[in-house]
Amino acid sequence: MVDERNEAAAAGTEKRSLHRRKRVIIPVAILILVAALVAVYWYAYMRGYVSTDDAYVDGDATTISAKMLGRVTLLNAAEGDSVKQGQILVRLDESDLRAQEAQAQAALAYVRETVPVAKINIDRAQEDFDRASSQFKSKVVTKEQFDHAAKALEAARAQYKVALSQVEASKAQLAVIETQLGNTTITATQSGVVARKWIVPGDIVQPGQPIFTLYDLGNLWVTANFEETKLGVIHPGDSVRVKVDALGGREFAGTVTLLGAAAASRFSLIPPNNASGNFTKVTQRIPVKIAIDAGRSGSTGERLLLVPGMSVEVKVRVERK
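Residues numbered from 1 in each chain as written. Predicted model: local features only at pLDDT ≥ 70, side-chain atom pairs only at ≥ 80, totals over all residues. Heavy atoms only, no water.

This part is about the packing of helix α2 (residues 95-137) against helix α3 (residues 143-183). Axis separation between α2 and α3 bottoms out at 7 Å; the angle between their running directions is 165°. When the axes of α2 and α3 are compared, the pair comes out roughly antiparallel. The crossing of α2 and α3 is left-handed. Class assignment of the residues belonging to the contact of α2 with α3 gives a composition of 25 nonpolar, ten polar and nine charged. (Axes fitted to C-alpha atoms, helices over the stretch in contact; angles between N-to-C directions. Helix = DSSP H or I, 4+ residues; strand = E, 2+ residues; numbered from the N terminus. Parallel < 35°, antiparallel > 145°, perpendicular 65-115°, else oblique. Left-handed = near helix turned anticlockwise from the far one by under 90°. Nonpolar A, V, L, I, M, F, W, Y, C, P; charged D, E, K, R; others polar.)

In structure tokens form, the structure reads like this:
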């Protein structure tokens, strides 16, 4: 009976010992497995790459603005519309300029009529001068009368030059008004898509005030802000994998084309001034321009899904030494 109890106690102790070993071995094995998976993932997907999520799709924004003060009478595009270069987008009220044009045309016609009159005055003054010169030699008229005839001829020639100058000035004034009339019609300076409309018909716009903002969706790139400590291994020509958040993580291929010439902080509204005594060192970020390779990124339709401002994650393939 005692032997049976001892054997049962020994079996229970062995089971408890085995249970304790399992409680230790299983977590350790799981940790080793996780570490191995992390190592494999790092070796396969992270080794030889420099990545950042401080990146976005970028493009050249074209601002359509007025060159003169005027009231908007027509907007020929809405947000999201595709426009072509040279397409009429805006018309400004031209009624005042049309009145000024008519006035300038009348003034030009008037000064043109003064030119023949001035020419006749020159001919008459020339005849008077020739006659006075002949009579003065014959001592028929006095020196004073001869001088008056010479001054009259000089004055007539000056008036003729003034009349010609007035014609040119009137032409120039009319040309200015016609140029302003041309500025009442605003066209697209490049093809693209209207990303933002800033005014509505009836608004009065100032010179340089934005009316539309256009983006050429066929000419986009990625701007990635890398930490300056990572910039030493990135070079133009390096291949890049671009993952777009808005497209469910779809990846695009790209190539590094340009490293920024200044840190992004230099272009902030108030650039930091580190000359003070309480300086705190902060790792700066340098913009890197990445061209999207449409040939390796999928179809044209996929490329058009990209719009400026989309958040992306980039991984640059680098050669570590």
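Moving on, there is more to tell.
Attention now moves to the pairing of strand β4 (residues 88-92). Note that strand β2 (residues 70-75) and β4 share three bridges and pair antiparallel. Pairing of V72 across the sheet is with L92, part of β4. For β4 and strand β5 (residues 185-187), the ladder comprises three bridges, and the chain directions are antiparallel. Within the sheet, the bridge partner assigned to V90 lies in β5 and is I186. (Pairing = 2+ DSSP bridges.)

On to the side chain of T184, then. Among the secondary structure elements, T184 is positioned in the loop between α3 and β5. Within polar-contact distance, the side chain of T184 engages the backbone oxygen of L181 at 2.4 Å. Discounting chain neighbours no more than four positions away, the residues touching T184 are M68, V90, R91, L92, D93, E94 and L97. (Polar contact = N/O pair within 3.5 Å; in protein donor to acceptor, adjacent residues only side chain to side chain. Contact = heavy atoms within 4.5 Å.)

This next bit is on the pairing of strand β11 (residues 285-292). Note on strand geometry: in a regular strand, side chains alternate between the two faces of the sheet. Side-chain alternation along β11 places I286, V288, I290 and I292 on a buried face and R285, P287, K289 and A291 on a face that remains uncovered. Of the strand pairs in this sheet, strand β8 (residues 210-227) and β11 are connected by seven bridges, and their pairing is antiparallel. Looking at the pairing, F226 lines up with I286 of β11. (Buried < 20%, exposed > 50% of the residue type's maximum accessible area, 1.4 Å probe, protein only.)

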